[in-house]
Each structure stands twice: as structure tokens, then as C-alpha cells.
Amino acid sequence: MKVKTNHLATSHLITFSNIMANIMAKIGFRYALLFLVCSLIFFVFGGVVGYVFSGLFFLLMCFCFYFFRDPKREIIVDENVILSPADGRVFEISEIDEPIVLKGRAKIVKIFLSVFNVHLQRAPVSGKISFTDKGGTKYLPANHPDASLTNVQNLVGISGKTPVLVKQIAGIIARKCELWVKLEQDVIQGEKIGIIHFGSQVDIYFPKDISVKVKVGDKVTGGITIIGERQRMENGDWDIRE
């Protein structure tokens, strides 16, 4: 009977963990637990100052559930389009040389993530992780012109029907970028590949012959908004040239 009880308790614990994992990214629980402990410590100390700080840390704990939220999304996989890798607002679209993954001229779409956006990143295309690296040493504002080059960042290249390079870029508040995929790993379009903590920027590079479907100022949703699309030929078929 004891074994059955323990098994039932374990089953309920696993179920609860799975439910919470669908509500908030796992890293968020660390912050929430830290703020909860701080709140309890100040509450035990008591007094006006203690209660004020206890309330402050409790609010920060609640904010973690909002900031690290992981909303369920229905991803429509389509190899002819590039989905947004992040939630946020497009603040720059340009064309530059990209020598790492695309090895030539490429279009780049830069997305600014405020503290109110979902901060998970998703694979914009299906394919294999062909490149990963870390770079940068600074923490300039996320939408600073030099942030893409000098800020702390993770780079991940995906080789598929349409190759792309995604950059997770830290900012003044965002001090850490986490990449959840490894080299040679297969990913499906819309799959979660990482997270940035507290306000940041995500850049995506793709071939120059891809049609951009967003404009500066547009709000985008990770795994939902179409960033780019393969061009159609005169007969209506998709252009399948690599």
C-alpha cells in the first residue's frame, strides 16, 4: 500500500511539473524561488521595512510567472516561409554580408523584445543546427546600432531548405542568453531553441532572394508571424533554388 501511495504521489508531482512547464519556462522557477525566499526572510524579520521589502520581493516573484511565461502555440510548419524567431517589434530591416552561415549577401530583420514580451526563441525554419557560437562582451541597449556586433550573444545557424542565422543578443537588463540546442541537432520549425533573460534583441539573417513580409514597426509573434517567404515563379510554383 505504501508503494502505491508513493507511486501516486510521484505521478501527481510529475503531472504538476508538466503543467507548470507549459505555463512558465523552467529557468523562471529559479528566479521565482529566489524572490520567494527573499520575501519570506524579510517577512520573518517584520517591521515596516521588512514588510515593504517582503511585499516587493513577492511582487517580483509574481512578475517571474508573467515574464517567463510559455504560452501554448499552434505552429503551422511550412518549408516555404520563415517564421519569426521571437516575440517583439521589428525595428530594422536591411541587407548586409553574412560570412558565417549564408556566406554572402543576406537580409536581416532585427526584433526588439521589451520586458513585457515572451522571451523564448523558436526555430524559424526546420533543419539541422549547423553552427553555434558565442560572441560579444558589452551590454549596450538592445536596440543600439552596435548591439548586434558588440553585445554578449549566442549565434545559431540552421541548415534546411532555407538556411538562416539567428542571434540572441543581451542588453542592459538582459545579462544572459541561453541556447537549448546543440550542433548537428535536428529542429522543427517553431520548436523552442532558447531564452533571453529580461529585455533583449533577436536578429535573423536569411538569403537575399527571400521576400520580407514584415516592415519596421510591426509586432511579431515567435513561431506564428511570417518574416519571409520564398518567391513564386510565373507558373505559381515555389522557387526551389537553394
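Since this is a predicted model, take the numbers as computed values, not measurements.

A. Up close: the pairing of strand β10 (residues 192–196). Where burial is concerned, most of β10 is hidden: four out of the five residues are buried. With three bridges connecting them, strand β4 (residues 120–122) and β10 associate as antiparallel partners. Bridging across to β10, Q121 finds its partner in G194. Note: strand β8 (residues 177–179) against β10, three bridges, orientation antiparallel. Within β10, the residue paired with L179 across the bridge is G194.

B. Geometry of the pattern of salt bridges. All chains considered together, the criterion is met by nine salt bridges. Where R105 meets E95, a salt bridge forms, and the shortest distance between an N and an O atom there is 3.6 Å. Of this pair, R105 sits in strand β3 (residues 104–113) while E95 is found in strand β2 (residues 88–98), placing the two residues 10 residues apart along the sequence. For R105, a relative accessible area of 38% translates into the label partly exposed. In this structure, K128 engages D186 in a salt bridge whose closest nitrogen and oxygen atoms are separated by 3.1 Å.

C. The arrangement of a nonpolar patch on the surface in detail. On the surface, L33, L36, V37, L40, I41 and F45 cluster together to form a nonpolar patch covering roughly 580 Å² of accessible area. Its place among the elements puts I41 in helix α2 (residues 26–45).

D. Spatial organisation of the packing of aromatic side chains. Tallying each qualifying case throughout the model produces four aromatic pairs. Between the aromatic rings of F42 and F53, the centroid separation amounts to 5.2 Å while the plane-to-plane angle is 25°, which identifies the pairing as stacked. On the criterion of sequence distance, the pair formed by F42 in helix α2 and F53 in helix α3 (residues 47–67) is long-range, its members being 11 residues apart. For F53, a relative accessible area of 36% corresponds to the partly exposed category. Members of the aromatic cluster, joined through ring pairs, are F35, F42, F53 and F57.

E. Structural view of the nonpolar core. Among the nonpolar cores identified, the biggest contains 26 residues, and I82, V109, I158, F206 and I227 are the most heavily contacted of them. Mapped by element, the contributors of at least two residues to this core are β3, β6 (153–159), β7 (164–169), β10 and β11 (200–207). The residues contacting I227, other than those within four sequence positions of it, are I82, L83, S84, V109, F206, S211, V212, K213, V214 and V220.

Rules used throughout
- Residues numbered from 1 in each chain as written.
- Predicted model: local features only at pLDDT ≥ 70, side-chain atom pairs only at ≥ 80, totals over all residues.
- Heavy atoms only, no water.
- Buried < 20%, exposed > 50% of the residue type's maximum accessible area, 1.4 Å probe, protein only.
- Helix = DSSP H or I, 4+ residues; strand = E, 2+ residues; numbered from the N terminus.
- Pairing = 2+ DSSP bridges.
- Salt bridge = Lys/Arg side-chain N within 4 Å of Asp/Glu carboxyl O.
- Patch = residues over 30% accessible without salt bridge, like charges linked within 9 Å, V, L, I, M, F, W, Y side chains within 5 Å.
- Areas by Shrake-Rupley, 256 points an atom, 1.4 Å probe, with all protein chains shown as cover.
- Phe/Tyr/Trp six-rings, centres within 6.5 Å; stacked < 30°, edge-to-face > 60°.
- Core = buried A, V, L, I, M, F, W, Y, C linked by side-chain atoms within 4.5 Å.
- Contact = heavy atoms within 4.5 Å.

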